[in-house]
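# Examination of the molecular architecture
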Amino acid sequence: MASSKDYLEFIMEQLSELKEVTYRAMMGEFIIYYRGKIVGGIYDDRLLVKPTKSAISLLPDAPFELPYEGAKEMLLVEDVDNRELLTELFNATYDELPSPKPKK
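First things first, this report covers the structure right here in the doc. (Residues numbered from 1 in each chain as written. Predicted model: local features only at pLDDT ≥ 70, side-chain atom pairs only at ≥ 80, totals over all residues. Heavy atoms only, no water.)

Counting 26 residues, the largest nonpolar core has I42, L47, V49, V77 and F90 as its most contacted members. Those elements that provide at least two residues to this core are α1 (5-14), β2 (29-34), β3 (37-43), β4 (46-49) and α3 (83-94). Element by element, the count of residues in this core is highest for α3, at five residues. Each residue touching L47, except ones within four places of it in the same chain, is listed here: Y7, I11, G41, I42, L75, L76, V77, V80 and L86. (Core = buried A, V, L, I, M, F, W, Y, C linked by side-chain atoms within 4.5 Å. Buried < 20%, exposed > 50% of the residue type's maximum accessible area, 1.4 Å probe, protein only. Helix = DSSP H or I, 4+ residues; strand = E, 2+ residues; numbered from the N terminus. Contact = heavy atoms within 4.5 Å.)

Our focus in this paragraph is the packing of aromatic side chains. Throughout the structure, instances matching the rule amount to five aromatic pairs. Residues Y23 and F30 carry aromatic rings whose centres are separated by 5.8 Å and whose planes lie at 85° to one another, so their mutual orientation is edge-to-face. With a relative accessible area of 36%, Y23 lands in the partly exposed category. Members of the aromatic cluster, each reached through a chain of ring pairs, are Y34, F90 and Y94. Lying across the ring of Y34, R35 places its NZ or CZ 5.4 Å from the centre. When the ring centre of Y94 is taken as origin, the NZ or CZ atom of K37, which lies over that ring, is 4.2 Å away. (Phe/Tyr/Trp six-rings, centres within 6.5 Å; stacked < 30°, edge-to-face > 60°. Lys NZ or Arg CZ within 6 Å of the ring centre and 35° of its normal.)

Two modes of strand pairing occur in sheets, parallel and antiparallel, and in both the strands are linked by backbone hydrogen bonds. Pairing is antiparallel in the open sheet, where six strands are placed in the order β1-β2-β3-β4-β6-β5. The sheet is open, and its two edges are formed by β1 (21-26) and β5 (64-65), each paired on a single side. With two bridges joining them, β5 and strand β6 (residues 74-76) adopt antiparallel strand pairing. If you follow E65 over to β6, its bridge partner there is M74. (Pairing = 2+ DSSP bridges.)

Glancing now at α3. Compared with the 16 Å implied by 1.5 Å per residue over 12 residues, the 17 Å span of α3 between its first and last C-alpha is a close match. L85, L86, T87, L89, F90, T93 and Y94 are the residues of α3 that are buried. Those residues of α3 that are buried are in contact with α1, β2, β3, β4 and α2 (53-58). Two or three places before E84, at the start of α3, stands the capping residue N82, its side-chain oxygen 3.2 Å from that residue's backbone nitrogen. (Expected span 1.5 Å × (residues − 1). Polar contact = N/O pair within 3.5 Å; in protein donor to acceptor, adjacent residues only side chain to side chain.)

Looking at where T52 falls in the secondary structure, it is placed in the loop between β4 and α2. The exposure class of T52 is buried, given its relative accessible area of 9%. For T52, the contacting residues outside a window of four places in its chain are T93, E96 and L97.

Quick look at α1 now. Within α1 the residues assigned to the buried category are Y7, L8, I11, M12 and Q14. Down the axis of α1, the buried side of the element spans an arc of 155°, and every buried residue falls inside it. On its buried side, α1 packs onto β1, β2, β3, β4 and α3. (Arc of directions from axis to C-beta.)

Below you can see the structure in the form of structure tokens.
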């Protein structure tokens, strides 16, 4: 099942306090970038983030879920209504994420 544009717009609004949050559509889903790094994505109308140490400590009870068949597990963000938590989550995980690969 593909994610809806409405859910994407809701999540982007929740993250609107952060600068440089962007997304890219990919096969009916959306990859979420923060300051050029992939933080997670929207898969089947679920916000999933990479399981960094900071993300796990901020979301200790979050279940691990697969974004799609054959992918690595990610953390499900269940409290998407909490703007402060989302802002803190994205800021905390940024430094732990790998830098984007240089374009050839």
